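One-letter residues, chain by chain:
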Amino acid sequence: MPQVPLTCAQTGQPVPDYLVHTLDGNFVDGSGRTLLLRGVNLSGSSKAPVGHPSHILKDFWEAGEAGSESFVGQPLNLADGSADEHLRRLRGWGFNMLRYPITWEALEHEGPGKYDYEFIDYTIRVLRKCKEYGFKVYLDPHQDVWSRFSGGSGAPYWTLPACGINPRAFTATQAAILHCEYPSPPPDSRDPASLPSMIWSTNYGRLASQTLFALFFGGRTFAPKCIIDGINIQDYLQFHFTRAFAILAERIRDAGGLLDEVVIGWDGMNEPAEGFIAYPDLNVYPTVQGSTLKKGSVPSPAQSFRLGMGIAQTVDYYTLGGFGPIRDGTVTIDPCGASIWADPADEPGGVHPRWKWRRDPQWKLGLCVWALHGVWDVETGYILQPDYFRYLPLSTSVPTPPSAESESRVEVDFLHDFFLPQVTSYFSAIRAAHPNAIAFVQVPVFAVPPEVPETLLQGRACAAPHYYDGLTLISRHWNWYNADALGMIRGKYSNPVFAVRVGEKAIRACIRSQLGVLKADAVQLGTAPLSAPSLPSSPLAVQARYPTIIGEIGTPFDMDRKASYDPSNPRYGDYGPQERALDASLSAADGANALNYTVWTYCTDSTHRWSDGWNMEDLSLWSSDDLACRIGSPTSTDVTMNGGVGMMTPAHASTATLATLRSASLPYASVSEPAHVRLAFLRDGARAVKAFCRPWPVSTVGVPSTIEFDIGKATVKILVTVRAGDMPRVYKELGEDEGEGEEDTEGAEAKSEKTSGSGTASVHSLESEKILEEKPSPLPTEIFLPLVHFASETCVSRSLVLAGQQQAQTIPDGDADPDTHGTGCVPTGTATPNTYTASTATLLLSSPRLNSVSPSEIRVANEAYDVTVKMSEGHVELCERTQMLRWFYSVPTTPGARKEVWIEVKRTGSAIKYPRGAGARSRKGRAGFAGWLEGLSGGDMNPCPESCIVM
């Protein structure tokens, strides 16, 4: 691992020890350990204002036009204390990273240049709450098919009339499918609950989205007559988009204590789309498989032009077949004269009466912008330039002979010609306020990234593609077959039949291979890529300079016509198929891929009826409708902050890890829950929790080579490559006496946790160390070991709440003693681990070298855990309250030396068999966290015996 720099290249200032680095294809902490950042998108609910999910039509258009709806309250309610409940649950699942979606509409909904500072300040308060729980965050300018008002999310309403568009005609013309108007607006025909799965994504192939993205990315090139306020519509839209998020970055910077400590970077526009740009022939819908779904009505671009002007068309109709979309006849769409192009009367004198922009006279409203530019003729409906978007326009400054015209035309490269300039402008604006920001580079879905220059990335970047198992997502069923969708889209197969995979083993291997290809795409960032013929056969053979995070990955929970939600169905409450599907995707991120990821999604308002509140998507890992007993809002004395991955209650002191770096140290009062209480809390309301609450190395001395977790056997094995130079750095404060440099490791770790009274970062110098052939690491590799998988039988049995019972099994007196039953709580609030080494009297552990034939086992058994550990060398410490296994081993110090070490942890006996189906449910308890504990303790209002320490 390259050495962590001591001076920041962006600012010239000393590097604070909390800064996350991007080195040698990995995230790296200040001590030089490899980080895996895994978490969730918080939240899918942020696509719409509070109380206005996508199925609600009332005031939808009126509020959009007025720009009156605030997004304050998304994604968390800070007023009722529930934010603490949700964040401690996410932390308890082991997550340390949040992707934080924010829409352009949330920032600038009132009008151009009118920013919602109340929402921005609310966002800052949420980020401070995330800091209390030790999360790292990257902010996501989220959009789907442009805007809520074109069937998705993202841009504010006013951007549509700015583009000369009347969105109220979208449904009639099928220019976009809107959930709240599905299948048509009249009350007697409107049925938003019947919206087909994923049909919203077909909007990427419809007129509204394709036009809006073409104008946003390529207006200067393809729509030069579209001038507003004296500049092209491309510049107008991009300026306002970039400025809105720059305002957010500036406000976060000025708030202090958040940039780099919490917010480590920024995503580019979520799932950017090309629109019409690079379309080869406007007369036909592309026949080559692409990432845009064909489902329902599928007009060609030419047909969509005519529909947009109110002209009836008969178009192809697609349904989902066994191996994907298949054509199933035709359907006639008759807009009855309705047009999506704004009436000239809407802007008297070329000036909008509300938003005050001035439109250039050559931009004539009421006419399709592509007809305005001679692409097609409205009178005849004929496409005059079918390849208009395929080529860059010829220069008018140099006359070109007609015979040479075809030879001189240059085909469009969307990523190089349009995407890269936009993302460069955006990240430059963000870094003006956040110099150390990691640039999370996201290209269109499944596209190969362009070569992104190092001048933009500046040593701090990450590839951020998305991945979904498309067949499962669309069919809402975990099938016995699947296909290599990424390979098909990238032209790997001469015939789609070769992409088919049969059987779960083959499917899992295929998904892992696809994620490996996406990881290999990171070689495009910051370095000249190899030419295609010279690429090695293994996608991981080329070492990328920057890490990869899968920004979205997940599975639907409303499978098989919501069988898990139906009380009359035998599968009621059973998420077995969902668990298998999600495990297949997340297991694919393990292995040699060892990927970072943020699962989509966690919605605090997810319900069985309306799913995640947006276009009937149902991917939230948690739902209040799945609570065994309703958990109310904790009070300020219930929970506050967190200092460790997996921790349920805060810790003031811990080792210098990602989990604890600069976590605020404030007064708090908290119940030290016994392990079985924590386990019950972590499972309550979760769907397929065993799939996403997984063991993984959070901070690694060296680099994790492979991670293999068998969910059916509750066994995890981790192989680590350790090289000379991987020795973690131990810091001391500047100004200390040289004699203090001989302090022990524990003292050095504690010292690295110091913060100045002003809250600013301390400046450190490196402590000198002797060069030896091999030396024990002062810091451990930290492995999240979830109770969900590795809890003892006693812990599991006490956590279960059986359906129909009025109470859970009572906690016997004395069972919450922290020292004997694994809570790890002490009066100071420090999470004290239990250490198991070769010298441990009761739990013997030998730590042979890698060449040992049969490494000894150690069994760690207490009230919280019952696991058996094997390792190639070293010793371990188990901190039950943080659910963290700390593994210490030696690091080679001879230049060029390297070795491999491994550890295997399995639950003693067999994997936990949690109840499935309706039997796993119970009555809802009385409101409040105390009421929930009361239910678990048999009605006893004092669930913790006297021996339980309250901090």
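Since the model is a prediction, treat every value here as computed from it, not as a measurement.

Engineer: Account for the overall build of the chain, with residues named and values stated.
Structural biologist: When helices and strands are counted, the chain shows 24 helices and 32 strands. Split into buried and exposed, the 951 residues of the chain put 61% on the buried side.

Engineer: An account of the environment of Arg 580 is requested, with residue identities and associated values reported.
Structural biologist: With respect to the helices, strands and loops of the structure, Arg 580 is situated in helix α18 (residues 576–588). For the pair Arg 580 and Trp 478, spaced 102 residues apart in sequence, the C-alpha to C-alpha distance is 7.8 Å. Not counting residues within four places of it along the chain, the set of residues in contact with Arg 580 comprises Trp 478, Glu 504 and Arg 508. Here the side chain of Arg 580 touches Glu 504 through a polar contact of 2.7 Å, side chain to side chain.

Engineer: Lay out the sheet that holds strand β12 (residues 324–333) in plain terms, naming residues and giving numbers.
Structural biologist: Read across the open sheet, the three strands follow the order β10-β11-β12; overall the sheet is antiparallel. In this open sheet, the two strands that pair with only one neighbour each are β10 (296–298) and β12. Pairs of neighbouring strands in the sheet enclose a mean axial angle of 40 degrees, with direction left out of account. As judged from the eight bridges shared by strand β11 (residues 313–321) and β12, these two strands associate in the antiparallel manner. Within the sheet, the bridge partner assigned to Leu 320 lies in β12 and is Pro 325. Set on the sheet, helix α9 (residues 301–308) makes contact with β10, β11 and β12; between it and β11 the angle comes to about 125 degrees.

Engineer: So, the sheet that holds strand β27 (residues 858–861): which residues are in play, and what are the values?
Structural biologist: Pairing in this open sheet of five strands is antiparallel, and the strands run β20-β21-β32-β28-β27 from one edge to the other. Two strands close off the open sheet at either side, each with one partner strand: β20 (703–710) and β27. Averaged over neighbouring strand pairs, the angle between their axes works out to 15 degrees when direction is ignored. Of the pairings in the sheet, the one linking strand β28 (residues 866–871) to strand β32 (residues 898–907) comprises five bridges and is antiparallel in character. Residue Lys 870 lies in a different strand from β32, and its bridge partner there is Glu 904.

Engineer: So what about the packing of aromatic side chains? Which residues, and what values?
Structural biologist: Inspection of the entire model under this criterion finds 48 aromatic pairs. Lying across the ring of Trp 363, Arg 359 places its NZ or CZ 4.3 Å from the centre.

Engineer: Just give me the short version of the confidence of the model for the chain, but keep the residues and values in it.
Structural biologist: Averaged over the chain, the pLDDT score is 83; the fraction of residues at 70 or greater is 78%. Low confidence marks residues 630–671, where pLDDT is under 50. Its contacts with residues over four positions away, or in another chain, come to 157 contacts. In this model residues 733–772 is a low-confidence stretch, pLDDT under 50, and it forms 60 contacts with partners more than four residues away in sequence or in other chains.

Engineer: Quick rundown of helix α7 (residues 207–222)? Include the residues and the values.
Structural biologist: With 16 residues, α7 should reach 22 Å at 1.5 Å per residue; the first-to-last C-alpha distance of 15 Å falls well below that figure. Roughly 70 degrees is the biggest bend found in α7, and it falls at Phe 216. For α7, the tally of buried residues reaches 14 of 16 residues, placing the bulk of the element in the interior.

Engineer: Any chance you could break down the nonpolar core for me, citing the residues and the numbers?
Structural biologist: Core analysis: the biggest nonpolar cluster contains 215 residues, and Leu 90, Trp 93, Leu 139, Trp 266, Trp 370, Phe 692 and Ile 903 have the highest contact counts within it. Beyond its immediate sequence surroundings of up to four residues, Ile 903 is in contact with Val 716, Lys 717, Ile 718, Ile 783, Val 869, Lys 870, Met 871, Val 876, Leu 885 and Trp 887. Within the second largest apolar cluster, 12 residues are counted, among which are Val 20, Met 97, Ile 438 and Ile 549.

Engineer: With reference to specific residues and values, describe the pairing of β27.
Structural biologist: Here β27 shows a buried face lined by Ile 858 and Val 860 and an unburied face lined by Arg 859 and Ala 861. Where β27 lies against β28, four bridges are found, and the strand directions are antiparallel. Pairing of Arg 859 across the sheet is with Thr 868, part of β28. The antiparallel hairpin formed by β27 and β28 contains four residues in its connecting segment.

Engineer: Residue-level account of the side chain of Gln 234, with values.
Structural biologist: When you line up the elements, Gln 234 lands in helix α8 (residues 233–255). The exposure class of Gln 234 is buried, given its relative accessible area of 6%. Polar side-chain contacts of Gln 234 include one of 3.0 Å to the backbone nitrogen of Arg 220. With sequence-adjacent residues up to four places away left out, Gln 234 is seen in contact with Leu 215, Phe 216, Phe 217, Gly 218, Gly 219, Arg 220 and Thr 221.

Engineer: I'd like a rundown of unusual backbone geometry, residues and numbers included.
Structural biologist: For residues other than glycine, phi is negative in most cases, and the peptide bonds are mostly trans. Cis peptide bonds are those with omega within 30 degrees of zero, and the linkage from Leu 42 to Ser 43 qualifies with 15 degrees. Along the chain, the position of Ser 43 falls in the loop between β4 (38–41) and α1 (60–66). Residues Gln 74 and Pro 75 are joined by a peptide bond in cis, for which omega reads 15 degrees. Structurally, Pro 75 can be placed in the loop between α1 and α2 (82–92). In this structure, Gln 883 is a non-glycine residue whose phi angle is positive, near 55 degrees. Topologically, Gln 883 is positioned in the loop between β29 (875–879) and β30 (884–888). Judged by its relative accessible area of 0%, Gln 883 falls in the buried class.

Parameters at a glance
- Residues numbered from 1 in each chain as written.
- Predicted model: local features only at pLDDT ≥ 70, side-chain atom pairs only at ≥ 80, totals over all residues.
- Heavy atoms only, no water.
- Helix = DSSP H or I, 4+ residues; strand = E, 2+ residues; numbered from the N terminus.
- Buried < 20%, exposed > 50% of the residue type's maximum accessible area, 1.4 Å probe, protein only.
- Contact = heavy atoms within 4.5 Å.
- Polar contact = N/O pair within 3.5 Å; in protein donor to acceptor, adjacent residues only side chain to side chain.
- Pairing = 2+ DSSP bridges.
- Axes fitted to C-alpha atoms, helices over the stretch in contact; angles between N-to-C directions.
- Phe/Tyr/Trp six-rings, centres within 6.5 Å; stacked < 30°, edge-to-face > 60°.
- Lys NZ or Arg CZ within 6 Å of the ring centre and 35° of its normal.
- pLDDT = per-residue confidence, 0-100.
- Expected span 1.5 Å × (residues − 1).
- Bend = angle between axes of the 7 residues up to and from the residue.
- Core = buried A, V, L, I, M, F, W, Y, C linked by side-chain atoms within 4.5 Å.

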